[in-house]
Amino acid sequence: MNAPHAAHDIRLLRSGVALFPALIEAFDQAQHEVLLETYIFDFAGAGGEVAQALVRAAQRGVRVCVVVDGVGTRDLPAEWRQQFQQAGVQCRVYSPLAGLGFWLPSRWRRLHRKLCVVDRAVAFCGGINLLDDFIDPNVPGGLDQPRLDYGVSLRGPLVAHVHDAMSQLWSRIEAVRELRSQDISGALEALRSADQGLKLPTHGTVQLVLRDNVRHRAQIERAYRKAIGAARHEVVVASAYFFPGLRLRRALVLAARRGVRVRLLLQGKYEYFLPYRASRQLYGKLLAAGVEIYEYHASVLHAKVAVVDGHWATVGSSNLDPFSLLLAREANVVVRDAAFAQSLQDSLHHAIQTGATKVEANSFAQRGRWQQLVDWAASLVLRFGVFLTGKRY
């Protein structure tokens, strides 16, 4: 699905089935540099095919830099670590954990964004981990259908901004490595090579919107609230993990009350019990306001996308939950283009019609007392987790 507009060429990619071949093709054509960031890098199945393409690029003399998250990926398998080292693939682990580190709220700030730039010519952004679409550690035998998730590939001026953002993070990681090895001069050099004043354009047909804990703390949530607040006809949101703060929930409720058709596509076949049950605690007030809620059962929903009024769309790594909106490094692309928005909206409509079940307000209100108690308790635990971070939500 190609949508050319104003010096950009952007393509919607549905699930790893579309993304992985596009990445492999780009890696095999790379001549100078590949930068890659991902939360999960799993080397089974299709993930291994992507890894092999990285190895081939490095063996040709291409500079290959990979960053994985210390929780999402932990340690690379020994055989792949060896292959990467022999080929010259530089791989770094973002904020690696040791011992009981994960129980410290300060260590909940993870690298959750999924970005890639090849030769400063093509960039990829989205919510898709480097994990085979049909492999799920929670489902023996794997999935019958691919995860529902989205990414984009794009060419044009925005690629330079994606490259700048990734280069900045790489330089900071290298600086930390140098400090740990007591190479102060190397650390200073690494920091000097990072653009400490990274600035992204706030206008344009296609934008990169980041979330971090320094300069871009609330940009992704603000982009959602602004678009939903201006909606006049229809809002469609798909979010794997859904526990938005009060202001974003209010924006959805107010949109529905003024006659906008608001539809939420959420997990029905959940990955993690706690966030799924906590999100259901929010259903009542949303349904009462006229928001339509659909739970996706055809496979695992991992998408983080939205379409507003058929001309504004976002695709990225940010869920609408505290982890994404308050703690993690995230990256979304915002596209103001009717053709692109329509292609994403059509895909979401198809998912709703063929793979989801509508949550009816009456039956939800009459669910058993035990289910209500579990939802309330899960919500309380999640809110307490937010409290421990010291954040207001």
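Predicted model, so just to flag it, every value in this text is computed and none were measured.

Caption draft 1: Region of interest: the pattern of salt bridges. For the structure shown, the criterion picks out eleven salt bridges. Notably, a salt bridge pairs arginine 261 with glutamate 292, separated by 2.9 Å at the nearest N-O pair. In this pair, arginine 261 is assigned in strand E11 (residues 261-267) and glutamate 292 in strand E12 (residues 292-296), connecting sequence segments 31 residues apart. What makes arginine 261 partly exposed here is its relative accessible area of 38%. Look at glutamate 292 and you get buried, because its relative accessible area is 15%. The network of salt bridges with shared partners includes Arg277, Arg367 and Asp375.

Caption draft 2: Seen up close, the nonpolar core. With 49 residues, the main nonpolar core has Tyr150, Val152, Leu265, Leu344 and Leu348 as its most contacted residues. Of all the elements, helix H4 (residues 158-180) adds the most residues to this core, at eight residues. Setting aside its immediate chain neighbours within four residues, leucine 344 contacts Leu12, Tyr150, Val305, Ala306, Val307, Ala313, Thr314 and Val315. Counting residues in hydrophobic clusters, the runner-up holds 37 residues, among them Val209, Val237, Ala251 and Tyr283.

Caption draft 3: Structural detail: helix H6 (residues 219-229). Buried within H6 we find Ile220, Glu221, Tyr224, Ala227 and Ile228. Buried residues along H6 cover an arc of 135° about the axis, so they all sit on one side. Of the exposed residues in H6, those oriented more than 90 degrees away from the buried face are Arg222 and Lys226.

Caption draft 4: Fine view of helix H1 (residues 15-29). Between its terminal C-alpha atoms H1 stretches 22 Å, which fits the 21 Å expected from 15 residues at 1.5 Å a residue. For H1, the complete set of buried residues consists of Ser15, Gly16, Leu19, Phe20, Ala22, Leu23, Ile24, Ala26 and Phe27. As for H1, its buried residues are in contact with strand E2 (8-14), strand E3 (33-38), helix H2 (46-59), strand E6 (114-118), strand E7 (122-126) and strand E8 (150-155).

Caption draft 5: Representation of the sheet that holds E12 in the model. Spatially, the eight strands line up as an open sheet ordered E9-E15-E14-E13-E10-E11-E12-E16, and their pairing is mixed. Two strands lie at the open edges of the sheet, namely strand E9 (206-211) and strand E16 (356-358), each paired on one side alone. Each adjacent strand pair in this sheet contributes to an overall mean axis angle of 15°, direction not counted. Relative to strand E14 (residues 312-316), strand E13 (residues 304-308) runs antiparallel, the two sharing four bridges. Note on E14: the bridge partner recorded for alanine 306 is threonine 314.

Caption draft 6: Region of the structure containing the pairing of E9. The element E9 is extensively covered by neighbouring structure, given that six of its six residues are classed as buried. With burial as the criterion, each face of E9 is covered, one bearing Val206, Leu208 and Leu210 and the other bearing Gln207, Val209 and Arg211. For E9 and strand E15 (residues 330-336), the ladder comprises six bridges, and the chain directions are antiparallel. Bridge pairing links valine 206 to valine 335 in E15.

Caption draft 7: Examining a positive patch on the surface more closely. A contiguous patch of positive charge, built from Arg222, Arg247, Arg250 and Arg392, is present on the exposed surface. Along the chain, arginine 247 turns up in helix H7 (residues 246-257). According to the relative accessible area criterion, arginine 247 is exposed, its value standing at 52%.

What counts and what doesn't
Residues numbered from 1 in each chain as written. Predicted model: local features only at pLDDT ≥ 70, side-chain atom pairs only at ≥ 80, totals over all residues. Heavy atoms only, no water. Salt bridge = Lys/Arg side-chain N within 4 Å of Asp/Glu carboxyl O. Helix = DSSP H or I, 4+ residues; strand = E, 2+ residues; numbered from the N terminus. Buried < 20%, exposed > 50% of the residue type's maximum accessible area, 1.4 Å probe, protein only. Core = buried A, V, L, I, M, F, W, Y, C linked by side-chain atoms within 4.5 Å. Contact = heavy atoms within 4.5 Å. Arc of directions from axis to C-beta. Expected span 1.5 Å × (residues − 1). Pairing = 2+ DSSP bridges. Axes fitted to C-alpha atoms, helices over the stretch in contact; angles between N-to-C directions. Patch = residues over 30% accessible without salt bridge, like charges linked within 9 Å, V, L, I, M, F, W, Y side chains within 5 Å. Areas by Shrake-Rupley, 256 points an atom, 1.4 Å probe, with all protein chains shown as cover. Lys, Arg positive; Asp, Glu negative; His and termini not counted. Charge placed at Lys NZ, Arg CZ, Asp CG, Glu CD.

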